[in-house]
Amino acid sequence: MNEEKPLRVLTIDGGGMRGIYSAAFLHELSSLFAKKIGCKSLDVGKGFDLIVGTSTGAIVGCALAAGEPLPKVVDLYRKNGPKIFPERVPSSTTKVLSQMPRRAGINRRGATALKAALTAVLGTKTFKEIETLRGIALSIPAVEMSQQRAWVFKTSHCGGTRDDDTTLVDACMATSAAPIFRSLAAIDADGDLGGYRVFADGGLWANNPVLVGLLDAIKMDSTRPIEIFALGSYPKPDGERIAKADLDRGYVDWQFGAKAASLSIAAQEFAFDNMARMFAEEFTKLGRSINVIRFPKGDLRPDIVPYLELDNSSDQAMTALIDQARADVNLAKSACDDNANATGQIIKSLFESMPCRGGDANNV
């Protein structure tokens, strides 16, 4: 039996303002284990060898990698959400048309607010600094627009140094640049020749970045067992029953492409989870132990559904998502306290191995 310490990976899904759920969940769960260990708070980022986040998941993930406290991340959403999304994308065609002439300006204001909020938390830290000072690898999916290809901002854990000087703020701006909802993001090229690259949201191809985490972990280490902990952001329930008379949909029915993008993201999230589990099973059969674990969460309460749109930055939405995170933490902790629950025991081992912030086991 392989008793090596596993290579631990955290993947965090995209979801706009629902990132507050991911941050609150990790804060509440880590706080319970911190009390048990006897310290004020845990350094959650140091619990992982690799952190992979898409869009809003990258914001939470980069903050963890940088060692920032999770309440600070929750405050980022609470205090800056209305500025980042100053006007929501309308659901009705009439309102879409009326907002159309102003949408570029709305997105511009939102991008300015987001960059300021990110800078206040992440400063000017670069990928190289995170890897050197914190010993944590990072992977952040995006889309590079000049060739419209998948792009992953990375530390040098897979051998490359291309993104060493990229700031966490720039990578977060790039991975969260959701078409229609946000402006595209431009990042100046390094070197003497100048130039820049333009990026769009990584959620267009990896809103659930679990496969990115799996592949990077395999490349990082060829022998150690791998544990991948996947955290979602409570997506809105998808699916619809379509009448045969409603098959011939046009521009209006697809909300000028907005519904098609949502459909694509929902489909790939489901597919990536299942592919990751199947890959893990096959590698394990071949002697390389890989576990892919979704943090437990309960059934979606009906009253929270109206608050799950990615650009809903209302105080009611933030409160509902934090309440849901607390409820799901109770479910996860129950699994951890059950010695017969294999998933719970793996999660328990993860959090019990995390260092206290500042390295003081008695810093209450």
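Criteria and cut-off values
Residues numbered from 1 in each chain as written. Predicted model: local features only at pLDDT ≥ 70, side-chain atom pairs only at ≥ 80, totals over all residues. Heavy atoms only, no water. Phe/Tyr/Trp six-rings, centres within 6.5 Å; stacked < 30°, edge-to-face > 60°. Helix = DSSP H or I, 4+ residues; strand = E, 2+ residues; numbered from the N terminus. Buried < 20%, exposed > 50% of the residue type's maximum accessible area, 1.4 Å probe, protein only. UniProt positions renumbered as here; feature names shortened; annotations may be inferred. Contact = heavy atoms within 4.5 Å. Polar contact = N/O pair within 3.5 Å; in protein donor to acceptor, adjacent residues only side chain to side chain. Core = buried A, V, L, I, M, F, W, Y, C linked by side-chain atoms within 4.5 Å. Axes fitted to C-alpha atoms, helices over the stretch in contact; angles between N-to-C directions. Left-handed = near helix turned anticlockwise from the far one by under 90°. Nonpolar A, V, L, I, M, F, W, Y, C, P; charged D, E, K, R; others polar.

### Quick notes on the packing of aromatic side chains
Next up, step 1: Within this structure, the stated rule accounts for nine aromatic pairs.
Next up, step 2: Judged by centre distance (6.5 Å) and plane angle (65°), the rings of phenylalanine 295 and phenylalanine 351 are edge-to-face. Of this pair, phenylalanine 295 sits in the loop between β8 (290-294) and α11 (315-337) while phenylalanine 351 sits in helix α12 (residues 342-352); the two residues are 56 residues apart in sequence, bridging distant segments of the chain. Accessibility classification places phenylalanine 295 together with phenylalanine 351 in one group, the buried group.

### Regarding the UniProt feature "active site" (unreviewed entry) in the chain
Next up, step 1: As recorded in UniProt, the sites labelled "active site" (unreviewed entry) are Ser55 and Asp201. Across 147 residues of sequence, these annotated residues stay compact in space, with a maximum C-alpha separation of 6.3 Å.
Next up, step 2: Relative to the helices and strands, serine 55 resides in the loop between β2 (50-53) and α2 (56-66).
Next up, step 3: Residue contacts for serine 55: discarding those within four places in its chain leaves Gly14, Thr175, Ser176 and Asp201.
Next up, step 4: Looking at the secondary structure, you find aspartate 201 in strand β6 (residues 196-201).
Next up, step 5: The residues contacting aspartate 201, other than those within four sequence positions of it, are Thr54, Ser55, Ala142, Val143, Ala174, Thr175, Ser176, Ala177, Ala178 and Pro179.
Next up, step 6: A polar contact of 3.3 Å, which involves the side chain of aspartate 201, links it to the side chain of serine 55.

### Observations regarding the nonpolar core
The nonpolar side chains of a soluble globular protein tend to be buried, and buried together.
Next up, step 1: Core analysis: the largest hydrophobic core is formed by 79 residues, its most contacted members being Phe25, Leu122, Phe153, Phe295 and Phe351.
Next up, step 2: When neighbours within four sequence positions are excluded, leucine 122 is seen to be in contact with Cys62, Ala63, Ala66, Leu168, Val169 and Cys172.
Next up, step 3: Within the second largest apolar cluster, 19 residues are counted, among which are Ala206, Val210, Ile226 and Phe272.

### A closer look at the packing of helix α1 (residues 19-37) against α2
Next up, step 1: Axis separation between α1 and α2 bottoms out at 8 Å; the angle between their running directions is 30°. α2 is crossed by α1, and the crossing has right-handed handedness. Across from Gly19, Ala23 and Leu26 in α1, the residues of α2 making contact are Thr56, Val60 and Leu64.
Next up, step 2: Looking at the contact of α1 with α2, its residues break down into four nonpolar, two polar and no charged.

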